[in-house]
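# Observations on the three-dimensional arrangement
Next come the chains, spelled out residue by residue.
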Amino acid sequence: MNKPQLPVVESSNTASVTASVPSTRKRQWLALFVHATRVLMVATLLGLLPSPHSSNTAGRVDGEGSSPPSIDAVRDLIPDATAREEIANEKGLWAVQRDDNSQPLWIARTMPIAAKALGYRGPTEAILALDSDGVITRVGVLQSHDTDEHVAAVETDNDFLSQFIGLSWNAKDNNGDTPTIDGVSGATLTSLAMAEGILARLGASSTSLLFNKPLRVSEIGEISESATLNITDPVATIRSPTGVLESIIIRTGPFSDEVIGYQGPTELILSFDDNAKLRSIRIRESLDNEPYVTYVRDEDYFWNSIQGKTLSELASWNPVDEGVEGVSGATMTSLAIAESLPQIAAKIETSGGLERWTLLRPPPWSWAWARESLAETYSEIRFSARDTAVICLLVLLGLTTKMGWMRQRRLRLAWLTLTVIVIGFWTGNLISLSLIMGWASSGVCWTLAIGLVAIVATALASPPLTRGNPYCNHLCPHGAIQQLVRPSTKSRRHQTLSPRWAKRLFVIAPLTLVVAYLVLLFWPTTDVSGVEPFHAYLWPMAAASSVVLCVVTLLVSLRVPMAYCRMGCPTGFLLGYLRRTSASHRITRYDMGLVSLLAVSLIKVWIS
């Protein structure tokens, strides 16, 4: 006899679990969207910060290259200076007279050519004193938009500044080499950016303060409709529809502006044919006198005697041996042009020759293009022992975290001690609001401090992508010390704050963050590094405010566990806000504050 089948009754718990699956997925997608919006708004806020430096603060660009430094600035470098000429010479140098009537020195400033060499928060301009032979005798800091502590460290580091003494024009030492400059410990980015500007000003890279206008399409001449023109200043190439090279056009300013005619140098435009022979040559711009320049420009016989030569033939060409005669009525101007051609050709050859610009690069986004781009980028990266140590530390952190070794107390204590020593006192690679906002507003020469860039990338990318906060938990030296001195719950040092006081103190971090942002939004040259204790770890250059704040926050943490990290750190608050959690789908009061701050920033940018 068959037993009656009882109806299956679904339990309420099972039904609720089944129904919650779509709800959970919906919440996950919502959380992803909301948090991505948060990250985008934070990035937008950082992008709206104005740059603390501009071209008008970097030296007025004029016919001589840049405006002269004040006599007070000159006397800071040359105490016995009595007068400074108002007009610069052909190299953009100003003569300085001294009270003993000895041989005058020459003064140079590194702006505007050094404006792209950005340090911790901006560029640093140097002032150079050169003797009559063009050899550097003294170096100083003229002005800077970088952090005060870093600039002060550079100004007082004689070992760093002395590396430039003895360099001649073209940034060569007594052996004819361009030296490798060592940065200032704790101010690596600031010092190396300044060094980059000095070397560029001396001519280590092809440049000219006198002839700095890039090549224009209108200067190329006639081009067939089917031909392809590519301008990579100071060179332009013309190719046929099949990619065959037809012509190479070069402006000579970056290669030579030193040969003076009657009263100034002359920039030329050279045009080579597909066999690399000089097809035509003409004057582009000249600082020499009229009507001499016009006389030379209109004299076809003078130009015809030069055309038809290859680059290597021009480099070994001697106008005197060839019997080149100057243009009647403009002898000095024309012979100066002829004399400059072998120098120009030789410099082009030593910089890679015409092949440097005529070799076809791989198609964009191809494997060959990627390999070539990576090789070029890698060659520009400056690795130091500190950078290597930091990168090794990051790799070791990933390994120890994955293996779970951080859960072992002894290894954890050893790691925290290592963090304090390596990142804190040796490299000084601490993240701060000043650093993040400074890089956002000014950019960064990341190839000069690859270790610091690696830490910043890890700190900012990990919270939204991995839901972790490796910097605050494992890499911040100030946080590591607080973990090492943290009192246990049974310790007599342990003190618990009342909920009322804890609620009040938790406002410090976000409030500091907002105030610092608004200050930099409206007064971008302000140094906000003093609102955090991190610069105290750069102990040779630390400001008193940073040292006091560092000591006070650590003393408080002896009683209240992780007091500064939990309640006072604006950088930690920012990283915590970027961290994706299970509650990321909820809109909080901090989100409302972020929207309000974004509105203020947009209004300020729109008004200005």
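Shown above is the structure to which this text applies.
Being a predicted model, the structure only gives us computed values, none of them experimental.

## A closer look at unusual backbone geometry
Even without glycine at this site, Arg467 takes up a positive phi of about 65°. By the element assignment, Arg467 lies in the loop between α15 (450-466) and α16 (470-475). Its identity is not glycine, yet Met562 carries a phi of approximately 55°, on the positive side. Inspection of the secondary structure puts Met562 in the loop between α20 (544-557) and α21 (563-568).

## Quick look at a nonpolar patch on the surface
A contiguous nonpolar surface patch, about 500 Å² in accessible area, is contributed by Leu396, Leu399, Met403, Trp405, Leu411 and Leu418. Every element with two or more residues in the nonpolar patch is listed here: α12 (385-403) and α13 (409-427). Ranked by the residues each element gives to the nonpolar patch, the list is headed by α12, at three residues. Looking at the element boundaries, Leu399 is found in helix α12. Judged by relative accessible area, which is 41%, Leu399 ranks as partly exposed.

## Topic: the packing of aromatic side chains
Within the structure shown, the criterion is met by six aromatic pairs. Ring centres of Phe302 and Trp303 lie 5.1 Å apart, and the angle between their planes is 70°; on these two criteria the pair is classed as edge-to-face. For the pair formed by Phe302 and Trp303, the shared burial category is buried.

## Points about α15
The terminal C-alpha atoms of α15, which comprises 17 residues, lie 22 Å apart, in line with the 24 Å expected from a rise of 1.5 Å per residue. Immediately downstream of α15, the backbone of Arg467 shows phi near 65°, a positive value.

## Let's talk about empty space enclosed by the protein
Counted according to the given criterion, the structure contains two cavities of 30 Å³ or more. One number sums up the size of the largest cavity: a volume of about 240 Å³. If you trace the largest cavity, you find 20 residues lining it, with Gly186, Thr427, Gly428, Asn429 and Leu452 closest to the centre. Contributions of two or more residues to the lining of the largest cavity are made by α5 (188-202) and α12. In terms of residue class, the lining of the largest cavity is built from nine nonpolar, nine polar and two charged.

## Remarks on the packing of α12 against α13
Where α12 meets α13, the closest approach of the two axes is 11 Å, and the angle between their N-to-C directions is 155°. Compared by their axis directions, α12 and α13 come out roughly antiparallel. When you trace α12 past α13, the crossing you get is left-handed. Contacts between α12 and α13 pair Ala385, Arg386, Ala389, Val390, Leu393, Leu396 and Leu397 from the former with Trp415, Leu418, Val422, Ile423, Trp426 and Thr427 from the latter. Residues belonging to the contact of α12 with α13 are distributed by class as follows: 11 nonpolar, one polar and one charged.

## Some thoughts on the sheet that holds strand β1 (residues 81-84)
Taken together, the five strands give an open sheet; going across it, the order is β1-β2-β3-β4-β5, and neighbouring strands pair in antiparallel fashion. The outermost strands of the open sheet, each flanked by one partner alone, are β1 and β5 (136-144). Sheet twist, expressed as the average angle between the axes of neighbouring strands with direction ignored, equals 30°. As defined by bridge partners, strand β3 (residues 105-109) adjoins strand β4 (residues 124-130) across four bridges and the pair is classed as antiparallel. Residue pairing in the sheet places Trp106 in a bridge with Leu130 of β4. Sheet contacts for α5: β3, β4 and β5; angle to β4, the most-contacted strand, approximately 50°.

## Quick look at the nonpolar core
Residues Ile431, Met437, Tyr471 and Tyr517 are the most contacted members of the largest nonpolar core, which totals 62 residues. In this structure, Ile248, Phe272, Leu311 and Ile348 belong to the second largest nonpolar core, which totals 30 residues.

## Some words on the environment of Leu397
Tracing the backbone shows Leu397 in helix α12. The exposure class of Leu397 is buried, given its relative accessible area of 6%. Along the backbone, Leu397 and Pro265 are 132 residues apart, and their C-alpha atoms lie at a distance of 58 Å.

Calculation rules
Residues numbered from 1 in each chain as written. Predicted model: local features only at pLDDT ≥ 70, side-chain atom pairs only at ≥ 80, totals over all residues. Heavy atoms only, no water. Helix = DSSP H or I, 4+ residues; strand = E, 2+ residues; numbered from the N terminus. Patch = residues over 30% accessible without salt bridge, like charges linked within 9 Å, V, L, I, M, F, W, Y side chains within 5 Å. Areas by Shrake-Rupley, 256 points an atom, 1.4 Å probe, with all protein chains shown as cover. Salt bridge = Lys/Arg side-chain N within 4 Å of Asp/Glu carboxyl O. Buried < 20%, exposed > 50% of the residue type's maximum accessible area, 1.4 Å probe, protein only. Phe/Tyr/Trp six-rings, centres within 6.5 Å; stacked < 30°, edge-to-face > 60°. Expected span 1.5 Å × (residues − 1). 1 Å grid on protein atoms, 1.4 Å probe; cavity = no way out; pocket = protein on both sides within 12 Å on 5 of 7 lines; lining within 4 Å. Points joined across faces, edges and corners; volume = space filled by probe spheres on them. Nonpolar A, V, L, I, M, F, W, Y, C, P; charged D, E, K, R; others polar. Axes fitted to C-alpha atoms, helices over the stretch in contact; angles between N-to-C directions. Parallel < 35°, antiparallel > 145°, perpendicular 65-115°, else oblique. Left-handed = near helix turned anticlockwise from the far one by under 90°. Contact = heavy atoms within 4.5 Å. Pairing = 2+ DSSP bridges. Core = buried A, V, L, I, M, F, W, Y, C linked by side-chain atoms within 4.5 Å.

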